[in-house]
There are 2 protein chains.
Amino acid sequence: MSRGFTLWFTGLSGAGKTTIGEIVEQTIRERGNKVEMLDGDVVRTHLSKGLGFSREDRDTNILRIGWVCEVLTRNDVVAIATAISPYRQAREQVRANIPAFVEVYIATSLEECARRDVKGLYKKAISGEIPSFTGVSDPYEPPASAEIVVQTEGRTPEESAGDIVSWLEAHGYLTPAPKAAPEPAPVAVAVPVSSAPSSSSAYSEEEEAEVSKRLEDLGYM
Amino acid sequence: MSRGFTLWFTGLSGAGKTTIGEIVEQTIRERGNKVEMLDGDVVRTHLSKGLGFSREDRDTNILRIGWVCEVLTRNDVVAIATAISPYRQAREQVRANIPAFVEVYIATSLEECARRDVKGLYKKAISGEIPSFTGVSDPYEPPASAEIVVQTEGRTPEESAGDIVSWLEAHGYLTPAPKAAPEPAPVAVAVPVSSAPSSSSAYSEEEEAEVSKRLEDLGYM
């Protein structure tokens, strides 16, 4: 059994954190480790009910998730956090408390997240229906030196998860799968993060223009 | 290594939860188990900053601690919670989520807690300086069917902790200490929960009378 560590995903809403995180979680478990995933949405229910989306509340939420990761990690559990965690300072505070901390930046661009718009949130955020939406009306500060940077565009979640697992193996966090007993061939189905084909768009041309303008105004494009 | 379980202490402020809990924690660790103590005061900092002492906030605090206990327990960590947890319903809600749940009622009477008054809180609570203080101006609902009931009056914390450990051994939660290699003789120092001798009182006669009256008014005596 490996020692505990924290795998801290960060990235925009819809970047693929949960989807990729779940695949990595499954692999880590299959290798005989204890693993617990703290997903942003789940944690909002159990840990942070009542907190809003101000900077202060977002930071409190992140530090709280970080504290649970710390407790799990020191008890030899692998903790996977998949919250947006938009502010660099809060992430660095969490990092400072956890010796075995691996930051994973899911670097899907805002343009791509808004194009996929898996939960329809970007549309609502851009129309102003959702205030303080990360990337649209609230800041996102990308990591300056994440251990792992994952490019998801044009790649399947399985491929992205595979990159993370390889990094963990190469850096001694995870024991490679035994080669003596070959595993069953992986199912060769590519599950896209969004069901919408990435070449087309769910938005009309007019909406596209509006998205682009907002992103430009925010300095993202 | 034992499986995880949750040891849920409940009792008044100053009953001895933390003191006894720490001794039990140490014993469980010495037996080769992973163990994490979630103390009421520590948890208020990391998990529940911003919550007050209304019934709703107290319940939220308890459910949140309970959720962390649940996560730890299912990862084979022994979780020890030592918050007051005054409301029966919230405790029962936590119990319902954790298959291996052991409730420990530290049954120190209000009269004795107020007499010890380790942190000087009862004096402040009775004078009205602290509002919503459990047992004085806020309810405490003792468990109807705790797995373990600990009487602390006239006994050392080591004796009380010993009772809990014996129960855990007898019920298969904890492997008894190996007999082949005898442990070093326990240090025979009785550490009282309060430094004040239990026969005397930190209060003047007048204050004593006031304490008694308040306790009577609240239906505790």
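Residues numbered from 1 in each chain as written. Chains lettered and ligands numbered in written order. Predicted model: local features only at pLDDT ≥ 70, side-chain atom pairs only at ≥ 80, totals over all residues. Heavy atoms only, no water.

Caption draft 1: Fine view of the pattern of salt bridges. Overall, the coordinates contain 32 salt bridges over all chains when judged by the stated rule. Its salt-bridge partner being A:K119, residue A:D41 comes within 3.4 Å of it at the nearest N-O pair. Linking A:D41 in helix 2 (residues 40-46) with A:K119 in the loop between helix 5 (110-116) and helix 6 (121-126), this pair joins segments that are 78 residues apart in sequence. B:R155 serves as the salt-bridge partner of B:D163, at 2.8 Å between the closest nitrogen and oxygen. Classification of B:R155 as partly exposed rests on a relative accessible area of 31%. Connected via shared salt-bridge partners are A:R91, A:E92, A:R95, A:E103 and A:E147. (Salt bridge = Lys/Arg side-chain N within 4 Å of Asp/Glu carboxyl O. Helix = DSSP H or I, 4+ residues; strand = E, 2+ residues; numbered from the N terminus. Buried < 20%, exposed > 50% of the residue type's maximum accessible area, 1.4 Å probe, protein only.)

Caption draft 2: Representation of the environment of A:R44 within the structure. All names here are of chain A. In this structure, R44 sits in helix 2. When the C-alpha positions of R44 and A90 are compared, they lie 17 Å apart, and in sequence the two are 46 residues distant. Residues contacting R44, with those up to four places away along its chain left out, are K49, L51, G52, F53, R58 and N61. Here L51 takes part through its backbone oxygen, which lies 3.1 Å from a polar atom of the side chain of R44. Within polar-contact distance, the side chain of R44 engages the backbone oxygen of G52 at 3.2 Å. (Contact = heavy atoms within 4.5 Å. Polar contact = N/O pair within 3.5 Å; in protein donor to acceptor, adjacent residues only side chain to side chain.)

Caption draft 3: Layout of the packing of helix 3 (residues 55-74) of chain A against helix 3 (residues 55-74) of chain B. Where helix 3 of chain A meets helix 3 of chain B, the closest approach of the two axes is 11 Å, and the angle between their N-to-C directions is 35 degrees. As for how helix 3 of chain A packs across helix 3 of chain B, the hand of that crossing is right-handed. Within the contact between the two elements, helix 3 of chain A uses A:R64, A:V68, A:V71 and A:L72 and helix 3 of chain B uses B:R64, B:V68, B:V71 and B:L72. (Axes fitted to C-alpha atoms, helices over the stretch in contact; angles between N-to-C directions. Left-handed = near helix turned anticlockwise from the far one by under 90°.)

Caption draft 4: A look at the sheet that holds strand 3 (residues 78-82) of chain B. Residues and elements named next belong to chain B. Taken together, the five strands give an open sheet; going across it, the order is 2-3-1-4-5, and neighbouring strands pair in parallel fashion. Each edge of the open sheet is held by one strand with a lone partner, namely strand 2 (35-39) and strand 5 (148-150). Sheet twist, expressed as the mean angle between neighbouring strand axes with direction ignored, is 15 degrees. Sheet topology places strand 2 next to strand 3; five bridges connect them, and they run parallel. What sits directly across from D39, in strand 3, is T82. In the packing of helix 7 (residues 157-170) onto the sheet, the strands contacted are strand 1 (6-10), strand 4 (101-106) and strand 5, and the crossing angle to strand 5 comes to about 165 degrees. (Pairing = 2+ DSSP bridges.)

Caption draft 5: Structural context of the sheet that holds strand 5 (residues 148-150) of chain A. Residue and element names in this part refer to chain A. Here five strands make up an open sheet; going across it, the order is 2-3-1-4-5 and the pairing parallel. Every interior strand has two partners, whereas the edge strands, strand 2 (35-39) and strand 5, have only one. Each strand axis lies, on average, 15 degrees off the axis of its neighbour in the sheet, ignoring direction. Two strands pair when backbone bridges link them, and strand 4 (residues 101-106) and strand 5 are joined in this way by three bridges, in the parallel orientation. Bridging across to strand 5, V104 finds its partner in I148. Contacting strand 1 (6-10) and strand 4, helix 4 (residues 88-97) crosses the sheet at an angle of about 155 degrees to strand 4.

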